[in-house]
Amino acid sequence: MVNISAYQNITAELSKKNVRLVAVSKLKTVADIEALYALGQLDFGENYVQELLLKHEQCNKNIQWHFIGHLQTNKVKYIAPFVHLIHGIDSMKLLKEVNKQAKKNGRIINCLLQVYIAREESKFGLSEEELNELLQWDELPALNNICIKGLMGMASFSSDKTLVANEFSFLNRCYQQLKAASAQHSNINAEILSMGMSNDYELAVANGSTMVRIGSLLFGNRS
Ligand SMILES: *Cc1c(COP(=O)(O)O)cnc(C)c1O
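The structure presented is a predicted model; accordingly, all values stated were derived computationally and were not measured. (Residues numbered from 1 in each chain as written. Predicted model: local features only at pLDDT ≥ 70, side-chain atom pairs only at ≥ 80, totals over all residues. Heavy atoms only, no water.)

**Details of the packing of helix α6 (residues 128-136) against helix α7 (residues 161-182)**
Right, so step 1: Direction vectors running N to C along α6 and α7 enclose 15°, while the axes themselves pass 12 Å from each other. When the interaxial angle is binned, α6 and α7 end up roughly parallel. For the pair α6 and α7, the crossing hand works out as right-handed. Residues Glu128, Leu131, Asn132 and Leu135 of α6 form the contact with α7, whose own contacting residues are Phe170, Cys174, Gln177 and Leu178.
Right, so step 2: When its residues are assigned to classes, the contact of α6 with α7 shows five nonpolar, two polar and one charged. (Axes fitted to C-alpha atoms, helices over the stretch in contact; angles between N-to-C directions. Helix = DSSP H or I, 4+ residues; strand = E, 2+ residues; numbered from the N terminus. Parallel < 35°, antiparallel > 145°, perpendicular 65-115°, else oblique. Left-handed = near helix turned anticlockwise from the far one by under 90°. Contact = heavy atoms within 4.5 Å. Nonpolar A, V, L, I, M, F, W, Y, C, P; charged D, E, K, R; others polar.)

**Remarks on unusual backbone geometry**
Residues other than glycine predominantly adopt negative phi, and peptide bonds predominantly adopt the trans conformation.
Right, so step 1: Its identity is not glycine, yet asparagine 18 carries a phi of approximately 60°, on the positive side.
Right, so step 2: Here asparagine 18 is to be found in the loop between α1 (4-16) and β1 (20-24).
Right, so step 3: Non-glycine residue leucine 27 carries a positive phi angle of around 65°.

**Observations regarding the nonpolar core**
Right, so step 1: Within the largest apolar cluster, 61 residues are counted, with the highest numbers of intra-cluster contacts made by Leu95, Leu140 and Leu151.
Right, so step 2: In contact with leucine 140, other than residues within four places in its own chain, are Leu95, Leu134, Leu135, Ile146, Ile148, His185, Asn187 and Ile188.
Right, so step 3: Ranked by size, the runner-up nonpolar core spans six residues in total, among them Val22, Leu85, Ile192 and Met211. (Core = buried A, V, L, I, M, F, W, Y, C linked by side-chain atoms within 4.5 Å. Buried < 20%, exposed > 50% of the residue type's maximum accessible area, 1.4 Å probe, protein only.)

**As for the environment of tryptophan 65**
Right, so step 1: Turning to its location among the elements, tryptophan 65 is positioned in strand β3 (residues 64-67).
Right, so step 2: We classify tryptophan 65 as buried; its relative accessible area is 1%.
Right, so step 3: Once the C-alpha coordinates of tryptophan 65 and lysine 55 are considered, the two residues, 10 residues apart in sequence, prove to be 9.5 Å apart.
Right, so step 4: Excluding residues within four positions of it along the chain, tryptophan 65 makes contact with Ser25, Ile33, Phe44, Glu46, Leu52, Lys55, His56, Cys59, Phe82, Val83, His84 and Leu85.

Shown next as structure tokens:
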């Protein structure tokens with residue numbers, strides 16, 4: 001079930017701040033997705049390749065699909081023909097594979113680099129050091145079929161607002177550095193900072209987020 005009033009309140013608030021909403025529809029039905037699409041929502045996020053393929057098949061073709069989960073190299077080929085933005089790039093190997101599959105499909109695929117900002121080992125992402133290594137990687141300039149559009153991160157799942165705000169502000173500093181690096185690379189055009197979920201999106205927006213990924217506030221809890 002879609003919470004229409006929550007959707008309207010959240011989009012009204014975000015549009016004042018020029019923040020884009022990705023509606024996270026993982027484990028939710030095609031009917032729920034279509035209900036939100038009918039209200040004008042275009043961007044949807046999914047975590048699992050198999051589920052994304054089915055939904056892409058079944059839902060309106062105007063939908064822009066964001067892959068926000070942990071992407072395995074051997075699965076890139078399945079989503080490469082249509083994916084709008086891949087949020088979780090966390091290795092050079094994965095970036096290279098996305099470039100290869102994008103080329104096969106005659107596309108340029110937009111990517112976000114995922115940075116590890118939380119205190120939880122279950123989360124993925126590059127350290128600040130690995131991020132810098134990737135940006136200096138000598139093979140990066142030749143990847144003509146990807147465009148690095150910014151960064152993505154997930155804060156600690158914590159009620160400690162100072163901790164969460166510090167994690168977001170750290171990610172924003174990394175993002176500012178990436179923006180500065182954009183000038184030297186034709187395949188970097190940093191304009192997206194993807195951070196904030198149902199429980200922390202307001203803190204994320206206060207710390208410079210330009211794109212939030214919200215699921216449960218819109219669709220209810222996932223069982
Ligand atoms: C599930 C998920 C979300 C949305 O989480 P909610 O708490 O339901 O808003 C956002 N980002 C990522 C990477 C996710 O896996």
